[in-house]
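Coordinates in review
Chain by chain, the residues run as shown.
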Amino acid sequence: MITGAYLCLTYTSLTSSVESQRTPRPAPASTLGIEHGSVQIATPEFRLVLAKDSGVAVQLAPNTGTAFDFLPFDRVGIRATDGFVHLGDLTFRVRREGSASWNDYSTATTRHPVSAVSTAELAAHDLAETLAPDCPVQVVRTWRITGGHLQLCFALKNVGKDTITIGGLGIPMPFNNIISGRSLKQAHETCSFSDPYIGADAGYLRVTQLTGTGPTMLVTPVGQTPLEAWKLANEPMRPNQTFEGMMEWMVHTQAFAENEWKAADPWNLPTAATLASGQSRTYGVQFQLAPSIRGIERTLIAARRPVAVGIPGYVLPLDQTGKLFLRFGASVRTIEVAPKDSIVVETNRQGKNGWRGLTLRGQKWGRSRVTITYADGTREVVSYMVTKAAS
């Protein structure tokens, strides 16, 4: 006991001595550029504020006359350094032809002021300055209004000599889920809950104030921008009990499926995009408001987005029959189930008001992916879990 106490006291005194001699680390420098000014943009549905230097959004508030903001603007000071993602950032993983390795790039890793591009849109920037010098992809980000709705688009161009494969592409969705340091009342007034439907081309994100009241923001694809996966962003602030972490809308995931996720079974089949030298491809998302949570499906239908409603849900016991109702402007071309023997799908007759009904019967325990391909090529993925009989 005496020896142990002596060792403990000696260790404590040495530790205290070392701690007292340490030089405090300086706080990381702000690189977001908000201190150099901002650009305020009024849209039909939102008040959008962009940081002048970086061009990313620091505020996205509905035009409802309230102080509520979908983005964590009140915490922008602690999220203004390198590594923190903001709405308007992009992450991607690229492999050059003939190479076996993937290279990661992100507009948030080491920020530098970006160059404005002259267009008729709300704002456009060439992001070359904030990407690594060896990046073979030119990225031009555009904020624009289309059909009365705000859109965020990225045009990617292969400016290298070699053909490249984009095996990972993520659009960060850093909406305010930072409950840390807030009372319950403050959290309800300030924070949001984000709920993704990871449904490939039909995928979308709904973002709702924690009160469950007020308008719900819907984030939907622009062009070929499927919601293939929902991935945790790599940030200096890691998730904890009062912060779920910021997430990314993943368009392509093949590079992750080959590496970090190789032991997992993804909900959607991983994809990649190939760009020859000089070839371009554009990705984007649209932001619009539904009047309430109950109005989400009606808003999606009005926006001509695919809608799927499962009854009683997406857990299917072997002794129960499930119903899946589909609503989209294009007719159903094919319905595929994977694994093939997991669910039997029967097509019902055409319903009312454009709805089409399917009957589903579980055959085998485990996860099941139902892929509906429409006549215009749109793929909608509905994921089920088949369980043992409910009885």
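Summarised in this report is the structure supplied together with it.

Cut-offs used in this document
Residues numbered from 1 in each chain as written. Predicted model: local features only at pLDDT ≥ 70, side-chain atom pairs only at ≥ 80, totals over all residues. Heavy atoms only, no water. Core = buried A, V, L, I, M, F, W, Y, C linked by side-chain atoms within 4.5 Å. Buried < 20%, exposed > 50% of the residue type's maximum accessible area, 1.4 Å probe, protein only. Helix = DSSP H or I, 4+ residues; strand = E, 2+ residues; numbered from the N terminus. Pairing = 2+ DSSP bridges. Axes fitted to C-alpha atoms, helices over the stretch in contact; angles between N-to-C directions. Contact = heavy atoms within 4.5 Å. Salt bridge = Lys/Arg side-chain N within 4 Å of Asp/Glu carboxyl O. Phe/Tyr/Trp six-rings, centres within 6.5 Å; stacked < 30°, edge-to-face > 60°.

Here we look at the nonpolar core
Ranked by internal contacts, the top residues of the largest apolar core, which has 45 residues, are L87, F92, W143, F175 and F287. The element that contributes the greatest number of residues to this core is strand 10 (residues 164-173), accounting for five residues.

Here we look at the sheet that holds strand 2 (residues 46-51)
Read from one edge to the other, the open sheet built from three strands follows the order 1-2-3, with strand pairing classed as antiparallel. Sheet topology places strand 1 (38-42) and strand 3 (57-62) at the edges, where each strand pairs with a single neighbour. When strand polarity is set aside, the average angle formed by the axes of neighbouring strands in this sheet is 15°. Alignment of strand 2 against strand 3, held across five bridges, turns out to be antiparallel. Paired with L48 across the two strands is L60, which belongs to strand 3.

A look at unusual backbone geometry
For the bond from I311 to P312, the omega torsion is 5°, close enough to zero to count as cis. Following the sequence through the fold, P312 ends up in the loop between strand 18 (307-311) and strand 19 (315-317). Cis geometry marks the peptide bond from A338 to P339; its omega dihedral reads -10°. Within the secondary structure, P339 is located in the loop between strand 21 (332-338) and strand 22 (343-350). Look at A200: it is not a glycine, yet its phi comes out positive at around 60°. As for its position among the elements, A200 is in the loop between strand 11 (192-197) and strand 12 (204-209). A residue is classified by how much of its surface remains accessible, and A200, at 3% relative accessible area, is buried. Unlike most non-glycine residues, N353 shows phi in positive territory, near 55°. Turning to its location among the elements, N353 is positioned in the loop between strand 22 and strand 23 (355-362).

A few points about the side chain of T220
Within the secondary structure, T220 is located in strand 13 (residues 216-222). Residue class for T220 comes out buried when judged on its relative accessible area of 2%. Every residue in contact with T220, bar those within four places of it in the chain, is listed here: Y204, W249, G284, V285, Q286, Q288, L300 and R305.

Let's talk about the sheet that holds strand 24 (residues 366-374)
Across the sheet, which stays open at both edges, the four strands sit in the order 19-25-24-21 with mixed pairing between neighbours. Of all strands in the sheet, those bounded by a partner on one side alone are strand 19 and strand 21. On average, each strand axis in the sheet is tilted by 25° relative to the strand beside it, whichever way the strands run. Where strand 21 lies against strand 24, six bridges are found, and the strand directions are antiparallel. Residue pairing for strand 24: A338 is matched across the bridge by R369.

Describing the pairing of strand 15 (residues 247-252)
Both faces of the sheet carry side chains from a regular strand, because those side chains alternate between them. Counting buried residues along strand 15, six of its six residues qualify, which places the element largely inside the surrounding structure. As judged from the five bridges shared by strand 10 and strand 15, these two strands associate in the antiparallel manner. Pairing of I171 across the sheet is with W249, part of strand 15. Across four bridges, the pairing between strand 14 (residues 229-232) and strand 15 is antiparallel. In the strand pairing of strand 15, L232 is matched with M247.

Things to note about the pattern of salt bridges
One pass over the structure, following the stated rule, counts eleven salt bridges. With its nearest N and O atoms 2.6 Å apart, the salt bridge here joins D104 to R93. Within this pair, whereas D104 is found in strand 5 (residues 103-106), its partner R93 is found in strand 4 (residues 91-96), the two being separated by eleven residues in sequence. Beyond isolated ion pairs, a larger network of salt bridges with shared partners links R93, D104 and E260.

Section: the packing of aromatic side chains
This model, assessed by the stated rule, comprises seven aromatic pairs. When the ring of F68 is compared with that of F70, the centres are 5.0 Å apart and the planes differ by 80°; the resulting orientation is edge-to-face. The class for F70 is buried, based on a relative accessible area of 0%. An aromatic cluster is present here, built from F46, F68 and F70 joined pairwise through their rings.

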